[in-house]
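Spelled out, the chains give:
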Amino acid sequence: SNHYISEGAVYAAITQEIEKMLAHGFLSGHSTKIIADYEKRLANIDADIHQLSVKQDELSNSLLEVYEAYTRHCTMKDEFKNQSENLITEHTDCEMKVRTLIAEKGRCKEQIGKLNRLISALREYQECRTLTKELVEAFIERISIFPQQRIELVLVMPELAASLR
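Residues numbered from 1 in each chain as written. Predicted model: local features only at pLDDT ≥ 70, side-chain atom pairs only at ≥ 80, totals over all residues. Heavy atoms only, no water.

K.L.:
Please explain the pattern of salt bridges as it appears in this structure.
P.N.:
Between side chains of opposite charge, a pair can form as their charged atoms come close. This structure, assessed with the given rule, holds 9 salt bridges. Put simply, Lys114 and Glu110 hold a salt bridge, and the shortest N to O gap is 3.8 Å. Of the two residues, Lys114 and Glu110 both sit in helix H3 (residues 77-128), 4 residues apart, roughly one turn of that helix. By relative accessible area, which is 19% here, Lys114 ends up buried. (Salt bridge = Lys/Arg side-chain N within 4 Å of Asp/Glu carboxyl O. Helix = DSSP H or I, 4+ residues; strand = E, 2+ residues; numbered from the N terminus. Buried < 20%, exposed > 50% of the residue type's maximum accessible area, 1.4 Å probe, protein only.)

Given below as structure tokens:
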């Protein structure tokens, strides 16, 4: 069922949540640490991707060596088949890990973008203490209204609010 609540009550709930974040020092260091953590994770992902790429190159070279040994009749067919299957499986595993890391890298970059939009909107709010559409969109994912005029704000980045409590 639909529940009515005044626009002022929603405004007050959003403002209260924003003021809590500001009071807990979100702009004076907390956000910088969160972004630094994401950037460190991105650097680690890049290093992991590089290591996996090097390993893939090594596996490709090994596969070529196994094939050349087989064509020179230095290895038996069964041995060639086992070695090549193992190398191909390992290469495929590396490829899957790289894809997973690339997806994680995208999520990290998305979170950094959300954080930067939120930081910008919060700084603007600090200057004029006025809620803007940009601030609400950068901060609030969804607003749910319940009986007895209870309001639930679902934040775009709920881990931020939790980390400040």
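Now, onward.
K.L.:
Looking at this model, I keep getting lost on the nonpolar core. Mind explaining?
P.N.:
Buried together is how nonpolar side chains tend to be arranged in soluble globular proteins. Counting 41 residues, the largest nonpolar core has Ile18, Phe26, Leu115, Leu118, Leu122, Leu135 and Leu160 as the members making the most contacts within it. For this core, the secondary structure elements donating two or more residues are helix H1 (7-23), helix H2 (26-71), H3, helix H4 (133-139) and strand E2 (150-155). Per element, the largest residue contribution to this core is 13 residues, and it comes from H3. Discounting chain neighbours no more than four positions away, the residues touching Leu115 are Phe26, Ile34, Ile35, Tyr38, Met157 and Leu160. (Core = buried A, V, L, I, M, F, W, Y, C linked by side-chain atoms within 4.5 Å. Contact = heavy atoms within 4.5 Å.)

K.L.:
So what exactly am I meant to see when it comes to the environment of Gln111 here?
P.N.:
Residue placement: Gln111 occurs in helix H3. Judged by its relative accessible area of 15%, Gln111 falls in the buried class. In this view, Gln111 contacts Tyr38, Met157 and Glu159; residues no more than four positions away in its chain are not counted.

K.L.:
Can you walk me through the environment of Phe139 in this structure?
P.N.:
Here Phe139 lies in helix H4. Owing to a relative accessible area of 1%, Phe139 belongs among the buried residues under this scheme. Separated by 122 residues in sequence, Phe139 and Glu17 place their C-alpha atoms 9.6 Å apart. The contacts of Phe139, once residues within four sequence positions are left out, are Ile14, Glu17, Ile18, Met21, Leu118, Leu155 and Val156.

K.L.:
Any chance you could explain unusual backbone geometry here in plain terms?
P.N.:
Residues apart from glycine generally show negative phi values, whereas peptide bonds are mostly found in trans. Although it is not a glycine, Gln148 sits at a positive phi angle of roughly 60°. Structurally, Gln148 can be placed in the loop between strand E1 (140-146) and E2. Despite not being glycine, Gln149 has its phi angle at roughly 55°, a positive value. Checked against the element boundaries, Gln149 lands in the loop between E1 and E2. Given the relative accessible area of 51%, Gln149 is considered exposed.

K.L.:
What's the story with H3 in this structure? I'm lost.
P.N.:
Structurally, the α-helix is built with 3.6 residues per turn, so residues lying three or four positions apart point the same way. Over its 52 residues, H3 extends 77 Å from the first C-alpha to the last, a length consistent with the 76 Å expected when each residue adds 1.5 Å. Looking at the residues trailing H3, positive phi occurs at Arg129, about 50°. (Expected span 1.5 Å × (residues − 1).)

K.L.:
It is not clear to me how the pairing of E2 should be interpreted in this structure. Could you clarify?
P.N.:
Within a regular strand, side chains alternate between the sheet's two faces. Both E1 and E2 contribute to a ladder of 6 bridges, which runs antiparallel. When the sheet's bridge partners are listed, Ile145 is paired in E2 with Ile151. Turn length for the E1-E2 hairpin, with the two strands adjacent in sequence and antiparallel, is 3 residues, and the turn residue Gln148 shows positive phi of about 60°. (Pairing = 2+ DSSP bridges.)

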